[in-house]
Amino acid sequence: MKSFGYAAKSAASPLNLFQFERREPGPRDVQIDILYCGVCHSDVHTARDEWGGAVYPVVTGHEIVGRVTRVGAEVTRFKEGDLAGVGCMVDSCRHCINCDDGLEQYCDHGFTGTYNSPDKRSGGVTYGGYSTSIVVDDHFVLRMPEKLDPAAAAPLLCAGITTYSPLREWGVGKGHKVGVVGLGGLGHMGVKLAHAMGAHVVLFTTSPGKTQDALRLGADEVVVSRDEDAMAAHAGTFHFILNTVAAPHNLDPFLSLLRRDGTMTLVGAPAEPHPSPTVFNLIFKRRRLAGSLIGGIAETQEMLDFCAEHGIVSDIELIPIHQINEAWDRMVKSDVKYRFVIDMASLKDEVKSL
Ligand code: NAP
Ligand code: ZN
Ligand code: ZN
């Protein structure tokens, strides 16, 4: 099936129009006409080969919302016309202990990423959501709540679940003082979700100009992390800190803010490692440094339903696809308010004019 997307042909090249084939839907497949796709910093890390392993051409995009156009004979959960979502995964082994636990992201055999993963079905590589359509096994398709704006809900499929899952895993709720580090795509969802879970939320930023926005998004306090006195005023007081920063940085100033038994969980995935934190900063207060990867399919559905109940979506800048290269450059400079989302009608128009 003919499909069009925007692809990087090399680590240094901008994204350009690319034509490729999608498989015909099999009995358990759902075919989706893509309406919107969010722009995640992981798209940039992957296409510019900052993590290694890029297979070109790379078509990124794993915050996909669209309408179901066709379903296979064995699919019962979706029908033509449904609003559907696809996040970071399109397959996994389905029988290891982690898949059995509904934690497909930790599959012992490696999950199949929505893009730049070996595609078991085609023998090639997976192509993501900066494209006109996608075909996905129904287990990995999410039901999008119709009451949420579909463009603003797209980022929930990565930024939303990546912050929701650790907030739930570490039991964030009323009476907890929670820090969120970095106000980008993930960070602004972390602020909204932690606030909705009832926590006292403190946003740490390197961009003083984002202060008013952070308060509007649900932060109770904002700290400019380069201000040492402002940081010191919070020493030893946090139950939990979610660190979303996309660049290597010193973790010690944040670990010092945790109370006894407090945890800082890293979700940001910079290309170069963070400097190793001081061991004494951990052992003297039994502090924990942890990591977390997106979330399982069942938990992603739970998060979408939670967002529908609380009226939570992303704050987005909707762009036509030809502005994607500029959007990536702005995101890398921490200049996104607070997630770019591609309006895929712009790609369909471009294809029509060929
Ligand atoms: P983003 O929108 O670019 O946000 C990152 C934020 O980090 C920036 O807005 C900025 O916030 C802060 N920041 C950037 N450079 C910094 C620096 N040098 N020092 C301190 N702070 C800095 O990116 P995103 O899409 O939210 O993704 C964030 C990271 O999470 C990326 O590495 C991405 O690959 C990763 N990720 C991980 C998972 C997972 O499953 N673990 C899932 C998705 C994404 P301020 O301006 O407020 O300082
Ligand atoms: Zn992502
Ligand atoms: Zn598995």
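Residues numbered from 1 in each chain as written. Chains lettered and ligands numbered in written order. Predicted model: local features only at pLDDT ≥ 70, side-chain atom pairs only at ≥ 80, totals over all residues. Heavy atoms only, no water.

Peer 1: Residues and numbers for the overall build of the protein chain, please.
Peer 2: A tally of regular secondary structure across the protein chain gives 12 helices and 17 strands. Its C-alpha atoms give the protein chain a radius of gyration of 20 Å, within 12% of the compact-globule value 20 Å for 354 residues. Taken across its 354 residues, the protein chain has 57% of its residues classed as buried. Put simply, of all contacts in the protein chain between residues at least 6 apart along the chain, 68% involve residues at least 24 apart. A total of about 14,600 Å² of accessible surface is found on the protein chain, and carbon and sulfur atoms cover 52% of it. For the protein chain, the distance from the average position of its 34 positive side-chain charges to the average position of its 43 negative side-chain charges is 3 Å. (Helix = DSSP H or I, 4+ residues; strand = E, 2+ residues; numbered from the N terminus. Rg over C-alpha atoms; globule rule 2.2 N^0.38 Å. Buried < 20%, exposed > 50% of the residue type's maximum accessible area, 1.4 Å probe, protein only. Contact = heavy atoms within 4.5 Å. Areas by Shrake-Rupley, 256 points an atom, 1.4 Å probe, with all protein chains shown as cover. Lys, Arg positive; Asp, Glu negative; His and termini not counted. Charge placed at Lys NZ, Arg CZ, Asp CG, Glu CD.)

Peer 1: Can you explain the sheet that holds strand 11 (residues 200-205)? Please cite residues and give values.
Peer 2: Spatial strand order, 12-11-10-13-14-15: six strands in an open sheet with parallel pairing. Looking along the sheet, the strands with just one partner apiece sit at the ends: strand 12 (221-224) and strand 15 (288-291). Across the sheet, the mean angle separating the axes of adjacent strands is 20 degrees when strand polarity is ignored. Across five bridges, the pairing between strand 13 (residues 238-243) and strand 14 (residues 258-266) is parallel. When the bridges of strand 14 are listed, N243 appears paired with L266. (Pairing = 2+ DSSP bridges. Axes fitted to C-alpha atoms, helices over the stretch in contact; angles between N-to-C directions.)

Peer 1: Lay out the packing of helix 4 (residues 159-169) against helix 10 (residues 297-310) in plain terms, naming residues and giving numbers.
Peer 2: The relative placement of two packed helices is expressed as an angle between their axes plus a distance between the axes. Interaxial distance between helix 4 and helix 10 falls to 10 Å at its minimum, and their mutual angle equals 100 degrees. What the angle tells us is that helix 4 and helix 10 run roughly perpendicular. Taking contact as the criterion, the partners of G160, I161, Y164, S165 and R168 in helix 4 are, on helix 10, E299, T300, E302, M303 and F306. Considering only residue class, the contact of helix 4 with helix 10 consists of four nonpolar, three polar and three charged. (Parallel < 35°, antiparallel > 145°, perpendicular 65-115°, else oblique. Nonpolar A, V, L, I, M, F, W, Y, C, P; charged D, E, K, R; others polar.)

Peer 1: Tell me about helix 11 (residues 324-332), and name the residues and values.
Peer 2: For helix 11, the complete set of buried residues consists of I324, A327, W328 and M331. Along the long axis of helix 11, the arc covered by the buried residues comes to 100 degrees, so they all point the same way. Contact partners of the buried residues in helix 11: strand 1 (2-8), strand 2 (15-21), helix 1 (41-47), strand 16 (316-320) and strand 17 (339-343). (Arc of directions from axis to C-beta.)

Peer 1: Before we move on, can you summarise the coordination of the zinc ion (ligand 3) with the specific residues and values?
Peer 2: Within the protein, C93 (SG), C96 (SG), C99 (SG) and C107 (SG) serve as the donor atoms for the zinc ion (ligand 3), at 2.3 to 2.4 Å. Between the four donor atoms coordinating the zinc ion (ligand 3), the angles at the centre fall across 103 to 119 degrees, so the site counts as tetrahedral. (Donors = N, O, S within 2.8 Å, 3.2 Å for Na, K, Ca; no water. Tetrahedral: all angles 85-135°; square planar, octahedral: opposite > 155°, others 65-115°.)

Peer 1: How would you sum up the site of ligand 1? Please name residues and give values.
Peer 2: Contacts to ligand 1 come from 30 residues, most closely from T205, T206, S207, K210 and R339. The separation between an oxygen atom of ligand 1 and a polar main-chain atom of I294 is 2.7 Å. In the environment of ligand 1, an oxygen atom lies 2.6 Å from a nitrogen or oxygen atom belonging to the side chain of R339. Coverage of ligand 1 by the protein chains reaches 90% of its 920 Å² of free accessible surface. Of all elements in the fold, only helix 1 and helix 5 (185-196) reach the threshold of two or more residues within the shell around ligand 1. Element by element, the count of residues in the shell around ligand 1 is highest for helix 1, at three residues. A breakdown of the residues in the shell around ligand 1 according to their chemical character gives 14 nonpolar, 14 polar and two charged. Per-domain counts for the shell around ligand 1 show at least three residues from each of domain 1 (2-158 + 314-352) and domain 2 (160-291). (Near = heavy atom within 4 Å. Polar contact = N/O pair within 3.5 Å; in protein donor to acceptor, adjacent residues only side chain to side chain. Domains from an automatic or database assignment.)

Peer 1: Pulling in residues and values, what's your account of the domain arrangement of the protein chain?
Peer 2: Splitting the protein chain by domain gives domain 1 (2-158 + 314-352) and domain 2 (160-291). For domain 1 versus domain 2, the separation of C-alpha centres amounts to 28 Å. Taken together, the contact pairs 14 residues of domain 1 with 18 residues of domain 2. Together domain 1 and domain 2 conceal approximately 1,400 Å² of surface at their shared face, both sides included; 51% is due to carbon and sulfur atoms. Contact with domain 2 buries surface across domain 1, with C158, D315 and Y338 losing the most and accounting together for 42% of the total. Joining domain 1 to domain 2, the criterion identifies two salt bridges. Here D315 and R216 are joined by a salt bridge, their closest N and O atoms 3.0 Å apart. The interface formed by domain 1 and domain 2 holds 14 residue pairs in polar contact (both at pLDDT 80 or more) in total. Here the residues of the side of domain 1 that touches domain 2 are counted per class, giving six nonpolar, four polar and four charged. (Buried area = accessible area lost by both parts, 1.4 Å probe. Salt bridge = Lys/Arg side-chain N within 4 Å of Asp/Glu carboxyl O.)

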